[in-house]
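# Structure at a glance
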Amino acid sequence: MELPTLPFTVTDWAAVPVTEHPGETGKALWRSFQAGELRVRMVEYTPGYLADHWCDRGHVLFVVSGELITELKDGRRFVLTAGMSYQVSDFGDYPLRSSTEIDATLFIVD
């Protein structure tokens, strides 16, 4: 990931409009900041969320609250709780998808 030229920028996440993204089940609520190819998001997953796709995009993901289940297409499964993160590059490992049993709030840079 390469950060674009960007002045010092403060984001009040509570003031950023929410966009809704349905999963296979449940939904994701995104608050997004975009600068060139850089996307920074605060994402809330509802309980019972399951992504509707496998993802190969690189992410730095931090669990702010709740619990996130991340499954890699090769069968590995990771449960991340508040204070945990994962980092993966574009096409850096097997594709992955997210799900939740309870709600989760995430901070994601990709």
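Read on for a plain summary of the structure. A quick note: this is a predicted structure, and the numbers were derived from the prediction, not measured. (Residues numbered from 1 in each chain as written. Predicted model: local features only at pLDDT ≥ 70, side-chain atom pairs only at ≥ 80, totals over all residues. Heavy atoms only, no water.)

## Some thoughts on the overall build of the chain
Of the regular secondary structure elements, the chain holds zero helices and eight strands. What you see in the chain, going N to C, is helices and strands ordered as β-β-β-β-β-β-β-β. A compact globule built from 110 residues would reach a C-alpha radius of gyration of about 13 Å, and the chain, at 14 Å, matches this within 12%. Burial status across the chain gives 37% buried among its 110 residues. (Helix = DSSP H or I, 4+ residues; strand = E, 2+ residues; numbered from the N terminus. Rg over C-alpha atoms; globule rule 2.2 N^0.38 Å. Buried < 20%, exposed > 50% of the residue type's maximum accessible area, 1.4 Å probe, protein only.)

## A look at the packing of aromatic side chains
Per the stated rule, a full pass over the model turns up two aromatic pairs. Each ring, one from Trp 13 and one from Phe 107, has its centre 6.0 Å from the other, and the planes form 85 degrees; the classification is edge-to-face. Placement of the pair is Trp 13 in the segment before β1 (19–22) and Phe 107 in strand β8 (residues 104–109), with a sequence separation of 94 residues. Take Trp 13: its relative accessible area is 17%, and that puts it in the buried class. The exposure class of Phe 107 is partly exposed, given its relative accessible area of 27%. For the ring pair Tyr 45 and Tyr 49, a centre distance of 4.1 Å and an interplane angle of 5 degrees mean the geometry is stacked. Among the residues examined, Tyr 45 registers a relative accessible area of 10% and is labelled buried. Judged by relative accessible area, Tyr 49 falls into the buried class, the value being 6%. Over the ring of Trp 30 we find Arg 41; its NZ or CZ atom is 4.3 Å from the centre of that ring. (Phe/Tyr/Trp six-rings, centres within 6.5 Å; stacked < 30°, edge-to-face > 60°. Lys NZ or Arg CZ within 6 Å of the ring centre and 35° of its normal.)

## What about unusual backbone geometry?
A positive phi is found at Phe 91, a non-glycine position, where the angle reads about 50 degrees. Summarising the element assignment, Phe 91 is placed in the loop between β6 (85–88) and β7 (96–99). Looking at Phe 91, the relative accessible area reads 66%, which means it is exposed.

## With respect to the side chain of Thr 105
With respect to the secondary-structure elements, Thr 105 resides in strand β8. With relative accessibility at 17%, the residue Thr 105 sits in the buried group. Excluding residues that lie within four positions of it along the chain, Thr 105 makes contacts with Met 42, Val 43, Glu 44, Phe 62, Val 63, Val 64 and Ser 65. (Contact = heavy atoms within 4.5 Å.)

## Describing the nonpolar core
Counting residues in each nonpolar core, the largest one holds 16 residues, and the members touching the most others are Tyr 45, Leu 61, Leu 68 and Leu 106. Contributing elements (two or more residues each) for this core: β2 (27–35), β3 (38–45), β4 (59–72) and β8. The greatest single-element share of this core, amounting to four residues, is contributed by β4. With six residues, the next largest nonpolar core counts Val 16, Val 40, Met 42 and Val 109 among its residues. (Core = buried A, V, L, I, M, F, W, Y, C linked by side-chain atoms within 4.5 Å.)

From the geometry alone we can't say anything about function, so treat these as descriptive.
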